[in-house]
Every structure is written in structure tokens, then in C-alpha cells.
Amino acid sequence: MNEEKERFLVTGAAGCIGAWSIRLLLDEGVDVIASDVSEDLRRFRLLSHPHTDEVSFVPLDVTATTEVARIVQEFDITHIVHLAGLQVPFCAANPPLGAMVNVVGNVNVFDAVRAADRRIGLAYASSAAVFGASSAYSGGVVGDVSPVMPDTHYGVYKVANEGTARVYSLNNGIGSIGLRPFIVYGPGRDQGMTSDATKAILAAVQGEPFKFKFGGNMLLTYAPDCARAFIESARAAAGSGDALVLNVPGRRVGVAQLVALIEKLLPEAAGLLSWETKPISAPALLSSPALGDVIGPVANTSLEDGVGATIEHFRRAVADGVLSSSPS
Ligand SMILES: NC(=O)c1ccc[n+]([C@@H]2O[C@H](COP(=O)([O-])OP(=O)(O)OC[C@H]3O[C@@H](n4cnc5c(N)ncnc54)[C@H](O)[C@@H]3O)[C@@H](O)[C@H]2O)c1
């Protein structure tokens, strides 16, 4: 048993990685406060959450500085998984709002830890979007310390978050781990530029056509694996004053190969899925040598297992009518 009882705060808990984080923490029996600006918990229902009634939900807009600090204090938070954010298309459509949520929101979380004046394990979402196009890196492979060259507002905001973490470590001794996933897929992933992998699986299950907005290679991380990495990173950060930034592993696959896998697992979907040829602008492969040293064994579900489980999950959700309230 831990000497200190853990109490996690998850921001952006109504989102894809957030809903999975809440589910994994409750499965472990950990005390957790789920917070989000949105009170729409449809992703909790989609994950067939066995403990939906046990979720302590607290509305929280991370741009509200004093509210973030109040919640960290009032609930005696020991660990934070900070996931609240606006994804690439939303930042492109409204850069000032993107900066408020993704940059100021992140500063607010770090400052709430500073104000609490006790050790809190903090993991926050950076992104592979801090890197530039694959052609900028030798062999297209990007390591933990490769130079950042973002080409979107979103990527620039994530670079700022990593800098914020470094300065709070230098000035205040606050330890943190920023994780850089590339493309997360699985139940609950329904928005953002790279959600096409999951949307294609859902369309195939529903017998509908779907066209990827990009082609080329991707690095896909199964959503529960990603949530697990955030949880274990928050635990690892609790014992340190350093600001680490680490890539998240996944499975490399071309869009054409992914479509072939979906059609293999779901033969009735043959011919429904297509793609644009223009490759997604991103590094070809994130190498993640340090994450396992820092958090221990890192889950990296095979594509066949992850896509298969996602198909099964969507089949059940469609049969149970749970997907009816999802956005397109
Ligand atoms: N999904 C991926 O492939 C991926 C890859 C790299 C990084 N990330 C990062 O991981 C984090 C979580 O991603 P996700 O896929 O779960 O995203 P998501 O879009 O599913 O969820 C984000 C959540 O943040 C909430 N939010 C937005 N503005 C807020 C605010 N002002 N205050 C509080 N909550 C707010 C939204 O309501 C939403 O529930 C994000 O920061 C994202 O940038 C995701």
C-alpha cells in the first residue's frame, strides 16, 4: 500500500485520452477528479465505463487561473494528468483561443502546482507536432532530443508548454513529464486532424464509405496505452524536480496497410475506405528510448490487436445505440 493516498486530477477528462485515463484509474481503485470545460460525458458511456456512476466530475475551464489553483488545493491533489487542449484544426481556426487554452491553460496548471507548495506528480500532453516534416530528420526518425520545428500553431503552443515545464523546474523545482504522442486511435477518438484512423474503423463497422484526408505513414498508439503512459508518467514525476519530455511509442503503418488490415478483420468493409495520396506532414517515426527507463514497461499494443479491439468495441456500441450521440 502507498503511504500517501493518491488523488489524481485529470483535465480534459471528457476527451479521448482523458476518458481512458479515468477508466484506468477507477479500474485500479484510485481516487480521481475528472474535470473538463465540457460536461458531455458521451465518451465515458462509449467506453462502457463500468464505474460511470462513481466518477467525481468537476467543471473546470483551464484558462481560469484561480479556479485551477482552487481545485488542486481543495481536493488535495497528489497527481495531475493535464490533457485539456484544443487540437490542430481548432487552433488553426482560432489561434488566439488556441493559445489561451493550450498555452495559458498549461501555465495555469503549473502555477497551481507552484501555489500548492507540495510535491505533485505532473504529466502533461505535448505532441509529436513539435517536430517538422519527416524530410527534416535523418531517415525520418525523431528521438526524444531531436530539434523541434513545428509547422502549425498547435505545434508551436506545445513547444511553449515544454519550455514552461523547464522554467518551472528551474525556478521552482517542479518535476513534470511532457509526453509526445503521434496519432492516438481507438474508441473515443473522434476529433482532430489525425482522428481519421479511428473514423475509418467506425465507418467500416457501420458499412459506410470513408476517405482519409491524408496518405503516407503514421505512428499509431492505442488510446488505452497512451492513457497508461500518462498515468505512470504522473507517478514518475512525483519523485523528481526535473522537466522531462518524452516521445510515446506506437506502431508504424501506412494508410494503405491500415486499410488492408481493417478489410482483413472486417471483410464486409472491402472497397469502403480510400485515401488522399498527400502524406501527412509529420516525422516518419518517433523513437522512444527513454520512456521505458522512466516509467517502466510501456504498453504498445499490436495494430492487429488494437484495431481488432476497436472494431469489437464499435460493434457493441452500435448495437447498444451508444454511438448515436457522437459528432460526425
Ligand atoms: N489524440 C492524439 O492523437 C494526440 C496526439 C498528440 C497529443 N495529443 C494531446 O493530448 C491531449 C488530449 O487529446 P485527446 O485526443 O484526448 O483530445 P480531445 O479533443 O478528445 O479532448 C480534449 C478535451 O479538452 C477539453 N477542453 C478544451 N478546452 C478546454 C478548456 N478551456 N478547459 C478544460 N478543458 C478543455 C475538451 O472539452 C476535450 O474534452 C490534448 O492536449 C492533445 O493536444 C493528442
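In the block above lies the structure referred to throughout.
Note that the structure is predicted; figures quoted are calculated from it, not measured.

A.B. asks: So, the sheet that holds strand E3 (residues 56–59): which residues are in play, and what are the values?
C.D. replies: The seven strands lie next to each other as E3-E2-E1-E4-E5-E7-E11, forming an open sheet whose pairing is parallel. Since the sheet does not close on itself, it has two edges, and those belong to E3 and strand E11 (243–247), each with one partner. Averaged over all pairs of adjacent strands, the angle between their axes in this sheet comes to 20°, without regard to strand direction. On top of the sheet, helix H1 (residues 16–28) reaches strand E1 (7–11), strand E2 (31–36) and strand E4 (79–82); it is set at about 165° to E2, its chief contact.

A.B. asks: Summarise the pairing of E2; cite the residues concerned and give the values.
C.D. replies: Of all the six residues making up E2, five are buried; the element is thus mostly covered by neighbouring parts of the structure. By the bridge criterion, five bridges tie E1 to E2 in an arrangement that is parallel. Among the inter-strand pairings, Leu9 is bridged to a residue of E2, identified as Ile33. In this view, the connection linking E1 to its parallel neighbour E2 by way of H1 has right-handed handedness. Here E2 runs beside E3; their pairing, made up of four bridges, is parallel.

Definitions and cut-offs
- Residues numbered from 1 in each chain as written.
- Predicted model: local features only at pLDDT ≥ 70, side-chain atom pairs only at ≥ 80, totals over all residues.
- Pairing = 2+ DSSP bridges.
- Helix = DSSP H or I, 4+ residues; strand = E, 2+ residues; numbered from the N terminus.
- Axes fitted to C-alpha atoms, helices over the stretch in contact; angles between N-to-C directions.
- Contact = placed C-beta atoms within 7 Å.
- Buried ≥ 20, exposed ≤ 12 C-beta atoms within 10 Å, placed from the backbone.
- Right-handed = clockwise from strand over helix to strand, strands pointing away.

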